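Architecture at a glance
One letter stands for each residue in the lines below.
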Amino acid sequence: MPQPARRLNAIPPYLFAELSEIKRAAASEGIDVIDLGIGDPDTPTPPEIVDALCNSARNPETHRYDESSRGWPMFLQACKSFYQREFGVGLDAEKEIMQVIGSKEGLAHLAWTYAEDGDTVIVPNPAYSVYKVNAVMAGANVHEVPLRKANAFLPILDDIPTDIARKAKLFYVCYPNNPTGAIATRTFYEDFVRFCREYDILAVNDMAYGTIAFDGFKNPTMLQVEGGKDVGIEFHSLSKMYNMTGWRIGFACGNPDAITILQKLKSNIDSKQFPAISEAAALALSRGKTNAAIELYKTRRDVLVSGLRDLGWAVEPPKASFFVWAEIPEGFGDSMSFAKELLRRTGVAAVPGSGFGDEGEGYIRFALTLKGDVHGERYHEVLDRIAKAGFSVRAKV
């Protein structure tokens, strides 16, 4: 057999694949695993969306290729209406929006459209690995900006060396943030847009959790600030907003040139999504938020954060996303060792912060998604197991 391309040597094993093996091994030993790992919505896709899929799938017109330039027209119009309703920004459905096969696919392929040998891509640390991995595979140099508690897990733009900024083509951010659960402010977006305009960088915002927020908070977006469309592109996903992870559909919006360039690559790679899924997704975007799911995440958040604090952990309740980012207790080594020990002694699976980059060391990420939990009762069980296993010690401050 021929050898694989050398570019694959530059990327580590996918974090969640490795964690899945650890969880399977624990389950094979008879451990009742409570999986707070990957963060896949655990309640079903709303039935009216499933019904819309079934109805559209019976229409022979959806059985053919989607030959539109940027996506199924019904879906693009729904994206336009959604964005206006949720964020108060008008978009041109023909120039400023395009369909992607899940935001992960779009974020990855964007790196391939812009980055090549010798270019620079700026990414946050800790972060979703897709930004860095695809920049590296495209041949670019990666400059990582730290996200730290002292700055509310926002990058300090002034700390980026001028020579790095001048070389950069892309600057990825993600808010609401995965893994920290942090939020962006309008002021940050204003500074971010100004920075990217000054250095001629394409600003990339991953908003996979854009409508998931608690306590009356509403997430701002980059496109709400003056000049946002001039320098930026955002990615939105129906996976988290509408419990549609397996459906693989989302959209990009923003700068029309960036949209056109991304579509040029994608037109040579995929033939878009099954149109019946696009039509069902259009209905999802028209129906508003999945409020019941968000309320359930809030209940779980409140149970978990309050309980961990009672046990002495340093943890803040997130205003958005469905992740709780907690400092690991003192005396338990690095975050990967702690995650393995937590699973071994309690059956609770969580993601070590170091899996998202070295700035995540010392933290662990708990997901607020858990299949079979109805009212937060399994999160009470998580806390009972943690306390009984002796993890109720004073956390680092």
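Structure report, in brief.

The rules we used
- Sequence positions are assigned chain by chain, starting from 1 and proceeding in written order.
- Residues qualify for local features only when their pLDDT is at least 70, as the model is predicted, and side-chain atom pairs are given and counted only at 80 or more; totals for whole chains, interfaces and linings, by contrast, use all residues.
- To get the side-chain values, all heavy atoms of the structure are used, and hydrogens and water are removed first.
- Here a helix means four or more residues in a row that DSSP labels H or I, a strand means two or more in a row labelled E, and each is numbered from the N terminus.
- Under the scheme applied here, a residue whose accessible area is under 20% of the maximum for its type counts as buried, over 50% as exposed, and between as partly exposed, the area being computed with a 1.4 Å probe on protein chains only.
- In what follows, residue pairs with any heavy atoms lying within 4.5 Å of each other are defined as contacts.
- Whether two strands pair depends on DSSP finding at least two bridges between them.
- The convention used is that axes are lines fitted to C-alpha atoms, helices contributing only their stretch in contact, and that angles between N-to-C directions extend from 0 to 180 degrees.
- Throughout, nonpolar core names a set of buried Ala, Val, Leu, Ile, Met, Phe, Trp, Tyr and Cys residues whose side chains join them through atoms within 4.5 Å.
- One side-chain nitrogen of Lys or Arg within 4 Å of one carboxyl oxygen of Asp or Glu is enough to make a salt bridge.
- Polar contact is the term for a pair of N or O atoms within 3.5 Å; when the atoms are in protein, one must be able to donate a hydrogen and the other to accept it, and sequence-neighboring residues count only if both atoms are side-chain atoms.
- Here a helix's expected span is defined as the number of its residues, less one, multiplied by 1.5 Å.
- Within this analysis, the arc is defined by the directions that extend from the helix axis to the C-beta atoms.
- Convention used here: a crossover is right-handed provided that the path from the first strand, over the helix, to the second strand proceeds clockwise when the strands point away from the viewer.

Notes on the side chain of R301
- Topologically, R301 is positioned in helix α12 (residues 291-310).
- Using a relative accessible area of 4% as the deciding quantity, one classes R301 as buried.
- Among all residues touching R301, those that are not within four sequence positions of it are F214, D215, S306, P317, P318 and L368.

Let's talk about the sheet that holds strand β9 (residues 323-327)
- Strand order in the open sheet made by the three strands is β9-β12-β11, with antiparallel pairing throughout. Here the strands that pair on one side only, and so sit at the sheet edges, are β9 and β11 (351-352).
- As judged from the two bridges shared by β11 and strand β12 (residues 363-367), these two strands associate in the antiparallel manner. Following the sheet pairing, P352 is matched in β12 by I364.
- Each of β11 and β12 touches helix α13 (residues 335-346); the most contacted strand, β12, lies at about 45 degrees to it.

A look at unusual backbone geometry
- Omega for the bond connecting Y175 with P176 falls within 30 degrees of zero, at -5 degrees, which places this linkage in the cis form.
- For the bond running from N178 to P179, omega is 25 degrees, close enough to zero to count as cis.
- Position of P179 among the secondary structure elements: in the loop between β5 (168-174) and α7 (186-198).
- Phi is positive for D215, close to 60 degrees, though the residue is something other than glycine.

Regarding the nonpolar core
- Judged by nonpolar contacts, the single largest core of 38 residues is most densely connected at L304, W313, L342, I364 and F366.
- The set of elements that each furnish at least two residues to this core consists of α12, β9, α13, β12 and α14 (377-388).
- By residue number, the principal contributor to this core is α12, which donates seven residues.
- Contact partners of I364, with chain neighbours within four places excluded, come to W313, V324, W325, A326, I328, F338, A339, L342, A350, V351, P352 and G353.
- With 32 residues, the next largest nonpolar core counts A168, F188, C196 and M222 among its residues.

Concerning the environment of P179
- Classification of P179 by relative accessible area gives buried; the value is 0%.
- Between the alpha carbons of P179 and W325 there is a distance of 6.9 Å; along the sequence they are 146 residues apart.
- Non-local contacts of P179, meaning those with residues more than four positions away in its chain, are made with P126, A127, F323, W325, F356 and R365.

A word on the pattern of salt bridges
- Enumeration over the complete set of coordinates arrives at 24 salt bridges.
- When the shortest N-O distance is used, the salt bridge between E105 and K266 registers 3.0 Å. Note that E105 is positioned in helix α4 (residues 103-114) and K266 in helix α10 (residues 256-266), a separation of 161 residues in sequence. Taken individually, E105 and K266 each receive the classification buried, so the pair is uniform in this respect.
- Two residues, D270 and K266, come together in a salt bridge whose shortest N-O distance is 2.7 Å.
- Judged by relative accessible area, D270 falls into the buried class, the value being 17%.

Section: the side chain of H109
- Here H109 shows up in helix α4.
- At a separation of 2.8 Å, a polar atom in the side chain of H109 contacts the side chain of E105.
- Not counting residues up to four positions away in its chain, the partners in contact with H109 are L262, L265, K266 and I269.

Points about α13
- End to end, α13 covers 16 Å across twelve residues, agreeing with the expected 16 Å (1.5 Å per residue, within 8%).
- Every buried residue of α13 is listed here: S335, M336, F338, A339, L342, L343 and T346. For α13, the arc enclosing every buried residue in end-on projection is 165 degrees, short of the 170-degree limit, so these residues lie on one face.
- Near the N-terminus of α13, the side chain that reaches the backbone nitrogen of M336, with its oxygen 3.1 Å away, is that of D334.
- Once α13 ends, the next one or two residues include G347, with phi positive near 80 degrees.

Structural notes on the pairing of strand β3 (residues 120-125)
- In terms of burial, β3 is a largely internal element, six of the six residues being buried.
- The two faces of β3 match: T120, I122 and P124 on one face and V121, V123 and N125 on the other face are all buried.
- Of the strand pairs in this sheet, β3 and strand β4 (residues 141-146) are connected by six bridges, and their pairing is parallel. Considered in β4, the bridge of N125 is made with P146.
- With respect to chirality, the unit in which β3 leads through helix α5 (residues 129-137) into the neighbouring parallel β4 is right-handed.
- Across three bridges, the pairing between β3 and β5 is parallel. Note on β5: the bridge partner recorded for T120 is A168.

Comments concerning the sheet that holds β4
- The strand order across the open sheet built from seven strands is β2-β8-β7-β6-β5-β3-β4, with neighbouring strands paired in mixed fashion. Each edge of the open sheet carries a strand with a single partner, namely β2 (97-100) and β4. Averaged over all pairs of adjacent strands, the angle between strand axes in this sheet comes to 20 degrees, irrespective of strand direction.
- Relative to strand β8 (residues 250-254), strand β7 (residues 232-237) runs antiparallel, the two being bridged by five bridges. In the sheet register, H236 faces β8, and the bridge partner there is F251.
- Set on the sheet, α7 makes contact with β5 and β6 (202-206); between it and β5 the angle comes to about 170 degrees.

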